[in-house]
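Each chain, letter by letter, is given below.
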Amino acid sequence: MKKSSLFAAACALTVTATLAAGDAPAGTRQYWEEHCASCHGVDGKADTKAGKKIGAINFTDPQSQARFTDEQMFTAIKEGVKNKSGKYTMKPAENASDELIKSLVTHVRSFKK
Ligand code: HEC
């Protein structure tokens, strides 16, 4: 009994520390690296082969960041982005809850220099 409550306290502390650091919830960074970084780069610079080819945005650039509201980013991640001929340049995020998408927006914002 005592052991488990100590464990719970330790967990609560860890969660608080993580949130206090302003990090996105656990899993966001991993999701980014697995589903987004191929185009946008792990560091958001879009300095990848696919990113350059497809014209992904450099998210470390404040002016590029200013082009989008959080809502626009949310919609782009949720519904994808199409070019003028109606083809996806960015597909809708797979299996992403609204909560995850929100924290992906936060993650993208954190690239801004
Ligand atoms: C196949 C390459 C590709 C992948 C994978 C990709 N993106 Fe994109 N993304 C793009 C391109 C290209 C644009 C620029 C579209 C434009 O011209 O506005 C973009 C734009 C964005 C924008 C800016 C909003 C907008 O309307 O353009 C956000 C935010 C974004 N991506 C987040 C993500 C997230 C989060 C993921 C992973 C779930 C992801 N992207 C995966 C190619 C990609």
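Just so it is clear, the model here is predicted, and its values are computed rather than measured.

A. Main features of unusual backbone geometry. Look at A46: it is not a glycine, yet its phi comes out positive at around 60°. Positive phi values are uncommon outside glycine, yet N95 reaches one of about 50°. Among the secondary structure elements, N95 is positioned in the loop between β2 (88-90) and α7 (98-109).

B. How the structure looks around the side chain of T48. Tracing the backbone through its elements, the reader meets T48 in the loop between α3 (37-40) and α4 (49-54). Looking at T48, its side chain comes within polar contact range of the main-chain oxygen of S38, at 2.9 Å. Separated by 2.9 Å, the side chain of T48 and the backbone nitrogen of G51 make a polar contact. Each residue touching T48, except ones within four places of it in the same chain, is listed here: A37, S38, C39 and G41.

C. Just the coordination of the iron atom of the ligand, in detail. Around the iron atom of the ligand, the donor atoms from the protein are H40 (NE2) and M90 (SD), and they sit 1.9 to 2.0 Å away. Taken together, the 6 donor atoms coordinating the iron atom of the ligand and their angles of 87 to 179° define a geometry best described as octahedral. One end of the pair, H40, is in helix α3; the other, M90, is in strand β2, with 50 residues separating them in the sequence. Given the relative accessible area of 12%, H40 is considered buried.

D. The arrangement of the pattern of salt bridges in detail. Summed over all chains, the structure comprises 4 salt bridges. Residues D70 and R109 are paired through a salt bridge, measuring 2.8 Å at the closest nitrogen-oxygen approach. In this pair, D70 is assigned in helix α6 (residues 70-79) and R109 in helix α7, connecting sequence segments 39 residues apart.

E. Examining the nonpolar core more closely. Counting residues in hydrophobic clusters, the biggest one holds 16 residues, and the most contacted among them are Y31, W32, F59 and L104. At 5 residues, α7 tops the list of elements feeding residues into this core. If near-sequence neighbours (up to four positions away) are discounted, Y31 is found in contact with C36, A93, E94, A96, L100 and L104.

F. Examining the site of the ligand more closely. Residues in contact with the ligand amount to 19 residues; listed here are only the nearest, C36, C39, H40, F68 and M90. H40 places a side-chain nitrogen or oxygen 2.7 Å from a nitrogen atom of the ligand. For the shell around the ligand, the secondary structure elements donating two or more residues are α2 (28-35), α3, α6 and β2. Grouping the amino acids of the shell around the ligand by side-chain chemistry returns 15 nonpolar, 4 polar and no charged.

Quick notes on the rules
Residues numbered from 1 in each chain as written. Predicted model: local features only at pLDDT ≥ 70, side-chain atom pairs only at ≥ 80, totals over all residues. Heavy atoms only, no water. Helix = DSSP H or I, 4+ residues; strand = E, 2+ residues; numbered from the N terminus. Polar contact = N/O pair within 3.5 Å; in protein donor to acceptor, adjacent residues only side chain to side chain. Contact = heavy atoms within 4.5 Å. Donors = N, O, S within 2.8 Å, 3.2 Å for Na, K, Ca; no water. Tetrahedral: all angles 85-135°; square planar, octahedral: opposite > 155°, others 65-115°. Buried < 20%, exposed > 50% of the residue type's maximum accessible area, 1.4 Å probe, protein only. Salt bridge = Lys/Arg side-chain N within 4 Å of Asp/Glu carboxyl O. Core = buried A, V, L, I, M, F, W, Y, C linked by side-chain atoms within 4.5 Å. Near = heavy atom within 4 Å. Nonpolar A, V, L, I, M, F, W, Y, C, P; charged D, E, K, R; others polar.

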